[in-house]
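# Structural overview for review
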Amino acid sequence: MTGSTTENGIKWEVRANGRDFHQSCRRRSVLCIRWGRYADNVVRSYKYTPLTFFPLNLYEQFQRAANLFFLLIVILQCVPVIATIPWYTTMLPLLIVLFVRGCKDLATDVGRRRSDAQINRRPCDILTPEGFKTVKWKDVCVGDILRVHKDQVIPADLLLLCSTEPYSLCYVETADIDGETNLKFRQALTVTHTELNGDSTEQNLAAFDAIVRCEEPNGNLHSFRGEFHWKGERHLLGTDHLLLRGTVLRNTDYAYGLTIYTGSDSKILQNCGRLKLKKTHVEILLNKTVLVILLFMLTTALLLAIGAGIFEYRISPNYDVVSIVQRDSSPAYQGFLTFWGYIILLSPSMPMSLYITFEVIHMVHCLLIGWDVEMYWEDTNCPAHARTTTLNEELGQVGHLLSDKTGTLTQNRLLFRQCFIAGHIYGDISQKSKPLDLSWNRFSCGGLKFSDQRLVDKLRGRGSLECQEFFTALALCHTVMSEWKDGLPHYQAASPDEEALVCAARELGWVFLSRTRDTLTISEMGLTRNYQLLALLDFTSKRRRMSVLVRSPGGQLKLYSKGADIVILERLQKDWPLQESTDRALELFAQSCLRTLCVAVRPVPEALWTEWSRALNLAGTATGNQETLLEEIYDQMEKDLMLLGVTAIEDRLQEGVPETIASLRRAGVKVWVLTGDKTETAVNVGYACKLMDPDTTLIQGEELRQLLESPSPNVDVKSKEPEVWITDKKAVMSKAALVISGPELAELTKSSEWGAKFVALSGQCQSVLCCRVTPAQKAEVVEMVRKHSASITMAIGDGANDVNMIKTAHIGVGLCGVEGSQAVLNADFALAQFSFLRKLLLVHGHWSYYRISILLRYFLYKTTAFALVHTWYSFYNGFSAQPMYESWYISLFTTTYTSLPIQCTGIFEQDISARSCLCWPEIYSIGQKKQLFNPSVLASTLLYSFYSSIIFFFVPMGILQYSALDFQTLAITIETSVLFATTLEVILCTKYWTKWNVAAVIFSLAAFFLSTLALHSTRLFTASPKDYFFLGASQNAYSTPEVWLTIFVTTCVAVLPSITTRALGVVLANPNKHKIHSSANEPVELQSWFQRGTVQRRSSYAVSQGKGFGKLITTGVGLPSAAPRQDGRVTAESLKNESPQGLHIEMNRAGVSC
């Protein structure tokens, strides 16, 4: 037996109540060494411990080339023979960088620990020798038997043993797994239900000693294979027997389970994928630029070292003083020492302080996002939260937004809004509609968004048999389970569509009360009626419909059916009435993006029922092709139907979704929707949320395949917008959208060529809809876009099924919704609403990109211009590697004198206001096109710094070389000129001034002058002449008018290119270039996805429903044997008269009249 299971891949063994056995095989690790088999149930997302923080953090920080480079510089500065400047000039900035980065990493890791602790400390009941005991999640071990309470989150992957429900059935909500809020059922094995249930359940579980052999831990959420061995018997296990970690137990008082997988072995954690280190494009380009600067520095040092050798060989012998200083060293040796001296001297050109400023600016930007009250959702007390502090500038460069649908774009809350019955459309969907007064209905639970008093009057007055029959069908034709709370019926459904329909019928007087295996009990306007359930023809994705065959209290047999319109309409009687008006109603519903569903009835003769039931019983006992036989028998009954009406359900969008998507489209962001729903549902929602225009052409199926197979796929469906209004001709997109399904995507992701063509084709279209995709396929789509396009990708979702997609994208956003917290825990940014994405990208993203681009360019300019002055001075000091500046000035220039102004600019700078960013989303394209930070911009910045360094040295040198001033005065003059010019450059870059910007500039200049005077004082010179040798130099220099004139001229000439460029940009700019044409905000007519006049319609029935509930009902599993007693009749005196209101549209074969 063991050998066969091993061959089948079933190698995981779990012994019930075998804690000692599993503890002995518990997985452990020390450093990088791991051993053991079974993981504990502790979640660990942190990296450090008190013992490992210091060495591990230092190791990680020195993985950065810049930090390692400066550590080597400090070591070189400790060698006296090559130390051109003191070691502390580099050591001080390096320590500050390491300290600040270490504090940031520590704070982040502490946050991870707190998040882990909240999960690990959740309570659960575990079976011990003394009985069930409440412990923490982290104490759960493989093989433990747990008791899960109603509405409790399941702490590990459990094999369901029994429950308090009949037949050990239980219901779980899998919102944190697959994003669906409807319930799924799980059922225990018959053997465990029979043996373990009863009055002595706890004693039976304590003596339980079964062995489970199953597959190794994996991330497949929808598959489970195993064997259950107990009392010499072997039973097969499947997905229906497994309760997954993260799901919530519903409608079941208690469920008992055997722990199979814990912690990192559980399916949900296995499915989360590996953590990917994300780097921004700006940072990647910056690192390449720093590498170029490093190569330039090494080349310059080498050339200067060669110059030193030549000087030593040819010129030094002619001067006795120089010969005595150099002593007997050879030119080669002197050049070798000089090379290392210049490496130290030019090291400030490597912007070490940039990295720490980069970190600080990122952190502040994240805080600003969290502090934005306009991105705070009061209903859930949830602010925006930046969980990753290194991706801020990427928010301003997003080119592709890949979004989940259910729970992300929609509220996953379906509402009954309209219906079509006997030629009339009922329901007012306008904003001015008034709610119905349903106080006459004692079963009303509220929440009905339907508004039409005429229908209520017809139902209460019994004036329309068609309306009564329609709502009778809604109250009977379903698989809903009822649960009574506070004297009112509440429903749990396999599909949110079914729940919406049954709730609507309840509010309007047709109340589903209860069900048994053979009966359905409903209340029709206060009168309780019991219907005998003869057959239930369950829903499947292939059938796209369901039916119930019932016997009414009067003895009539009727078949009630509901399903997709194209399925029901083809099964109606020939020449059925109101055909044209029904088609028109379906089209109107689709144009309003409502999900349509047809309802029909068929009277069934007794003879037909007798014959058909006999055939049904035979098919039920068939051994082969049972499903095919059942479908054929169902088809025999589901024909010659009579249409009762059409329902129209709204899958309500989240607040602000249409406006957000419209703004993002104007900003040039390509929005892709990736959903597990069917095509029709996704298309309808696409129109509703303005993902597509009403006249957009959909390209799908064979047409899409033909385009991809063509040598150069091209879409030629142009916008109808007059070209006079289009300022960017390249931005003109085709009025088309691509629609593709999961199987088709599987082919694309396998072929790199087809994937490249699809991404290129999508660039010509407005948007892309990917339907029926799995969580793995979502990640593959993101990877495909990243591979075949240069744009930044952002993925947004709210459920665990979106985690892989979120991790794969450049930027991942998780929504704090009803579908759990897995998406948020794995995201880079967390939001409460999809609409907040608008401000996150268009405002915070644009500002971050703008600010950081200015910051990086300024730092490169400042440090390079500052360091290159030493190079020009080398031609005057015999290539001796003598510094041009005072040693303390070198140390304080980047950390004190010039750091605060640019930091304030990087924090507060705004090129335009937040309101302007939202009003004119087209400005966002600056980041998408990388206009502010690209190789050409960086090359011009470095060229500008090269020019400035020449001015910084040669202008003061040319003015002062023939004066009576000494070297120290020249150094003070150049130092002051460099500081003034770099400060003036910050002032020119700043467009948005705050009190902090002004204070930073004043503080930097004051700090320079005060520290310079202090460092040149007699007291410090007396204490340490070696370190403070500029005795009185600043006082002498600043008392000379010639020095101030030189500083003024040098500063003006240095910043002249910057001022000239800005002036020319204003003078030569095209005045019409940034003109944005807008029109009055008119309501957008929502159109259907099919062309007018066609007969192709699509409904979206039961988008989340799975097969199985019908079988449970007809077999009586989990249902009481008799219906509970209900009150018989509600008296007429309790009913209140209401005035007619709402919308009424009469239809006939000739047309529609309102």
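Residues numbered from 1 in each chain as written. Predicted model: local features only at pLDDT ≥ 70, side-chain atom pairs only at ≥ 80, totals over all residues. Heavy atoms only, no water.

Per an unreviewed UniProt entry, the protein chain carries the name Phospholipid-transporting ATPase IC isoform X2 and comes from Danio rerio.

A few words now on the overall build of the protein chain. Assigned secondary structure in the protein chain consists of 40 helices and 37 strands. By residue count, 55% of the 1154 residues in the protein chain fall in the buried class. Taking the intrachain contacts of the protein chain between residues at least 6 apart in sequence as the baseline, contacts between residues at least 24 apart amount to 76%. For the protein chain, the exposed surface amounts to about 50100 Å²; the carbon and sulfur share of it is 57%. (Helix = DSSP H or I, 4+ residues; strand = E, 2+ residues; numbered from the N terminus. Buried < 20%, exposed > 50% of the residue type's maximum accessible area, 1.4 Å probe, protein only. Contact = heavy atoms within 4.5 Å. Areas by Shrake-Rupley, 256 points an atom, 1.4 Å probe, with all protein chains shown as cover.)

A surface patch of like charges, here negative, comprises Glu378, Asp379, Glu655 and Glu659. Of note, Glu378 is situated in the loop between helix H13 (352–371) and strand S16 (385–386). For Glu378, a relative accessible area of 64% translates into the label exposed. (Patch = residues over 30% accessible without salt bridge, like charges linked within 9 Å, V, L, I, M, F, W, Y side chains within 5 Å. Salt bridge = Lys/Arg side-chain N within 4 Å of Asp/Glu carboxyl O. Lys, Arg positive; Asp, Glu negative; His and termini not counted. Charge placed at Lys NZ, Arg CZ, Asp CG, Glu CD.)

Enumeration according to the criterion identifies 39 salt bridges in this entry. Across the salt bridge formed by Arg545 and Glu638, the nearest N and O atoms sit 2.7 Å from each other. Taken together, the residues span a long stretch of sequence, with Arg545 in strand S25 (residues 545–551) and Glu638 in the loop between helix H20 (626–637) and strand S28 (642–653) at a distance of 93 residues. Note that Asp693 is salt-bridged to Arg665, the shortest N-O span being 3.3 Å. In this pair, Asp693 sits in the loop between helix H22 (679–688) and strand S30 (697–700) while Arg665 sits in helix H21 (residues 657–666), placing the two residues 28 residues apart along the sequence. Given a relative accessible area of 22%, Asp693 falls into the partly exposed group. Ionic contacts of the salt-bridge type, sharing partners, join the residues Arg543, Arg545, Glu570, Arg571, Asp635 and Glu638 into one network.

Turning our attention to the pairing of strand S23 (residues 519–524). Within S23, five of the six residues are buried, which leaves the element mostly enclosed by the surrounding structure. Sheet topology places strand S22 (residues 510–515) next to S23; five bridges connect them, and they run antiparallel. Within S23, the residue paired with Trp510 across the bridge is Glu524. The hairpin turn running from S22 into S23, its antiparallel successor, is three residues long. As judged from the six bridges shared by S23 and strand S24 (residues 527–537), these two strands associate in the antiparallel manner. Among the inter-strand pairings, Leu520 is bridged to a residue of S24, identified as Tyr531. Linking S23 to S24, which pair antiparallel, is a turn of two residues; within it Met525 sits at a positive phi near 55°. (Pairing = 2+ DSSP bridges.)

The nine strands are arranged S16-S35-S34-S33-S17-S29-S32-S31-S30 in an open sheet whose pairing can be described as mixed. The sheet is open, and its two edges are formed by S16 and S30, each paired on a single side. Here S30 pairs with strand S31 (residues 736–741) via four bridges, running parallel. The residue bridging Ile699 from the neighbouring strand is Leu738, located in S31. This element, helix H25 (residues 752–762), spans strand S29 (670–674), S31 and strand S32 (767–771) of the sheet and lies at about 145° to S31. (Axes fitted to C-alpha atoms, helices over the stretch in contact; angles between N-to-C directions.)

This part covers the packing of helix H24 (residues 742–750) against helix H26 (residues 775–788). A pair of packed helices can be characterised by two numbers: the angle between their axes and the separation between those axes. Look at H24 against H26: their axes get within 10 Å of each other, and the N-to-C directions meet at 45°. Here H24 lies oblique to H26, going by the angle between them. In this structure, H24 crosses over H26, and the sense of that crossing is left-handed. Contacts between H24 and H26 involve Gly742, Leu745, Ala746, Leu748 and Thr749 on the former and, on the latter, Gln777, Glu780, Val781 and Met784. Here the residues of the contact of H24 with H26 sort into five nonpolar, three polar and one charged. (Parallel < 35°, antiparallel > 145°, perpendicular 65-115°, else oblique. Left-handed = near helix turned anticlockwise from the far one by under 90°. Nonpolar A, V, L, I, M, F, W, Y, C, P; charged D, E, K, R; others polar.)

Another aspect to go through is the sheet that holds strand S9 (residues 183–187). Here we have three strands laid out as an open sheet, ordered S9-S8-S14, and antiparallel in their pairing. Pairing within the sheet leaves two strands with one partner each, and these edge strands are S9 and strand S14 (248–250). The sheet shows a mean angle of 45° between the axes of neighbouring strands, taken without regard to direction. Where strand S8 (residues 169–173) meets S14, three bridges bridge the pair, whose relative direction is antiparallel. Bridged to Tyr171 within S14 is Arg250.

This part covers a nonpolar patch on the surface. A grouping of Val79, Val81, Tyr333 and Phe336 is seen on the molecular surface, where their side chains present a nonpolar patch of about 360 Å² in accessible area. Relative to the helices and strands, Val81 resides in the loop between helix H4 (65–77) and helix H5 (88–120).

Right, let's talk about the packing of aromatic side chains for a bit. Evaluated as defined, the whole model comprises 44 aromatic pairs. Look at Phe208 and Trp230: their rings are 4.9 Å apart centre to centre, the planes differ by 75°, and that puts the pair in the edge-to-face class. Note that Phe208 is positioned in the loop between helix H8 (201–206) and strand S10 (211–214) and Trp230 in strand S11 (residues 226–230), a separation of 22 residues in sequence. There is no split in this pair, since Phe208 and Trp230 are both buried. Their ring planes at 40° and their centres at 6.0 Å tell us that Phe866 and Tyr889 sit as a pair that is tilted. Placement of Phe866 in helix H29 (residues 836–874) and of Tyr889 in helix H30 (residues 887–897) is noted, with a sequence separation of 23 residues between them. (Phe/Tyr/Trp six-rings, centres within 6.5 Å; stacked < 30°, edge-to-face > 60°.)

Attention now goes to the side chain of His844. On the secondary structure map, His844 appears in helix H29. With relative accessibility at 9%, the residue His844 sits in the buried group. Once you skip the residues sitting within four places of it in the chain, His844 turns out to touch Leu368, Ile369, Asp372, Met375 and Lys839.

What follows deals with the confidence of the model for the protein chain. Residues with a pLDDT of 70 or more make up 86% of the protein chain, whose mean pLDDT is 82. Residue range residues 717–732 is modelled with pLDDT below 50. Its contacts to residues more than four positions away, or to other chains, number 16 contacts. The model gives residues 1072–1104 a pLDDT under 50, and that stretch makes 82 contacts with residues more than four places away or in other chains. (pLDDT = per-residue confidence, 0-100.)

This part takes up empty space enclosed by the protein. Within the structure shown, the criterion is met by seven cavities of 30 Å³ or more. The calculated volume of the largest cavity comes to roughly 160 Å³. Together, 16 residues line the largest cavity, and Phe70, Thr89, Pro348, Met352 and Thr894 are the ones closest to its centre. Elements with a contribution of two residues or more to the lining of the largest cavity: H5, H13, H29 and H30. A breakdown of the residues in the lining of the largest cavity according to their chemical character gives nine nonpolar, seven polar and no charged. (1 Å grid on protein atoms, 1.4 Å probe; cavity = no way out; pocket = protein on both sides within 12 Å on 5 of 7 lines; lining within 4 Å. Points joined across faces, edges and corners; volume = space filled by probe spheres on them.)

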